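Each chain is listed here by its residues.
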Amino acid sequence: MKFNHRFQVSAPSNIAFVKYWGKFHGQLPCNPSLSMTLDSCRSHLKVDVKVDSTLDFQLDFSFEGESHPKFAQRIEKYLKLVASDLSWIYNCQLKLEASNTFPHSAGIASSASAFAALGSALEKIDSLMAKRDFDVKRASSFARVGSGSAARSIVGAYNIWGKLDSLISSDEYASPFANAHRNFNSVADVVCIVDSGAKLISSTDGHASMEGHPFAEARYQQAKNNLLTLITAMQNGNWKTFGAIIEQEALTLHALMMSATEPYILLRPQSLEIIGKIKKFRTETGIDIYFTIDAGPNIHIIYPKGENDEVIEQFIESELTKYCVGPKFIYDQIGTGVRFE
Ligand code: DP6
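This text gives an overview of the structure that appears in the document. (Residues numbered from 1 in each chain as written. Predicted model: local features only at pLDDT ≥ 70, side-chain atom pairs only at ≥ 80, totals over all residues. Heavy atoms only, no water.)

Here's the deal with the packing of helix α7 (residues 269–285) against helix α8 (residues 309–320)
- Between α7 and α8, whose axes approach to 11 Å, the crossing angle comes to 145°. As for the relative orientation of α7 and α8, their crossing is right-handed in sense. Side by side, α7 and α8 meet where I274, K277, I278 and F281 of the first sit next to V311, I312, F315, E319 and L320 of the second.
- Grouping the amino acids of the contact of α7 with α8 by side-chain chemistry returns 7 nonpolar, no polar and 2 charged. (Axes fitted to C-alpha atoms, helices over the stretch in contact; angles between N-to-C directions. Helix = DSSP H or I, 4+ residues; strand = E, 2+ residues; numbered from the N terminus. Left-handed = near helix turned anticlockwise from the far one by under 90°. Contact = heavy atoms within 4.5 Å. Nonpolar A, V, L, I, M, F, W, Y, C, P; charged D, E, K, R; others polar.)

Here is the structure:
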């Protein structure tokens, strides 16, 4: 079979409210997680694919106009892994031109948006070749194999990844959580960039540190309980319970790093200052404004967008700028997922 196609796809990053931390073979999660899909922090991919039984696999990868051997190697390894489900990969020439909308120096993990874009591109090609509709579950599953959190970036708004007996969710792919109250329709994520450098410890090594972690089983149980409480809070429009859970999840993630067999600390003094300021501002104003943190020192500020936007932005710029570097802040919000152009 001969197949040629050129297209563009973009996928957003996402921010987890209940954290995925710990995985087992096949990049399956040790606990279920829930995230919000972002809007403007995206990875773009220009794809040019040729499939022909006479061709041998060939990848031509560039990132922001330049060759990037480290990324190219990771992608090649990934494509060989998913080729067990997508056998045309063995006979394709694939040109990928990748770029990110968020600054490279922002210290923002780009593997979620990058693999969501790539997983969706593969599912797009496969569905066109098989003359069937694009399947979001398959796209999520292909994205997951590249980076676990990427599974949650295919569809917009809120996604749950990882099975839990009382929910219809899967370890293989993420499913949308569509029952959030309207209080969660419009939500901001302002990233305070405390450090723009590369991560000291990769997420992959962080997940590995959960193997034999003294608190692993208690953590997986806590995540399941937190997910159920969070879902109820989001269904009821309850920002206070939601905020308490996401902050506990963020601090638990970092406590797990600090209590691993080989402990490490990613938070910086500035991260703690920002957390303190957010809590003080919340207590003084009564405004719903909370924080979450990924596997790095940057603080994500989460709040409902609306009447308090101006006073919150003023607080951020006047009180938090001194703790931040580089672009200082990235203003993002809830978004809609993968787009084909
Ligand atoms: C702390 O998805 O980056 O952001 O599956 O090894 O690629 P790999 O890890 P990754 O881990 C994300 C961890 C986290 C929490 C989360 O997004 O749920």
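Having seen it, we continue.
Describing the site of the ligand
- Taken together, 17 residues lie near the ligand, and Y20, K23, S147, S149 and R152 sit nearest.
- Between G148 and the ligand, the recorded distance is 2.7 Å, taken from a backbone N or O atom to an oxygen atom.
- Note that an oxygen atom of the ligand is positioned 3.0 Å from one of the side-chain N or O atoms of T204.
- A per-element tally of the shell around the ligand places helix α4 (residues 203–208) first, with 3 residues.
- Residue composition of the shell around the ligand, by class: 5 nonpolar, 8 polar and 4 charged. (Near = heavy atom within 4 Å. Polar contact = N/O pair within 3.5 Å; in protein donor to acceptor, adjacent residues only side chain to side chain.)

What about the packing of aromatic side chains?
- Counted according to the given criterion, the structure contains 12 aromatic pairs.
- Judged by centre distance (5.4 Å) and plane angle (75°), the ring pair of F134 and F340 falls under edge-to-face. Here F134 is found in the loop between α2 (111–129) and α3 (136–146), whereas its partner F340 is found in strand β14 (residues 339–340), with 206 residues between them in sequence.
- By way of ring pairs, the aromatic residues F17, F184, W239, F242 and Y290 are connected into one cluster.
- In this structure, K124 is placed above the aromatic ring of F340, and the distance from its NZ or CZ to the ring centre is 4.6 Å. (Phe/Tyr/Trp six-rings, centres within 6.5 Å; stacked < 30°, edge-to-face > 60°. Lys NZ or Arg CZ within 6 Å of the ring centre and 35° of its normal.)

Remarks on unusual backbone geometry
- One non-glycine residue, E64, lies in the positive phi region at around 50°.
- Positionally, E64 belongs in the loop between β5 (58–63) and β6 (66–67).
- Positioned with a positive phi, K328 is a non-glycine residue whose angle comes to about 70°.
- Position of K328 among the secondary structure elements: in the loop between α8 and β13 (329–333).

Re α3
- For α3, every residue scored as buried is listed here: A139, S140, S141, F142, A143, R144 and G146.
- Buried residues in α3 make contact with β3 (28–29), α1 (69–82), α2, β8 (158–161) and β9 (174–176).
- Among the residues of α3, the N-terminal cap falls to D135, whose side-chain oxygen and the backbone nitrogen of K137 are separated by 2.9 Å. (Buried < 20%, exposed > 50% of the residue type's maximum accessible area, 1.4 Å probe, protein only.)

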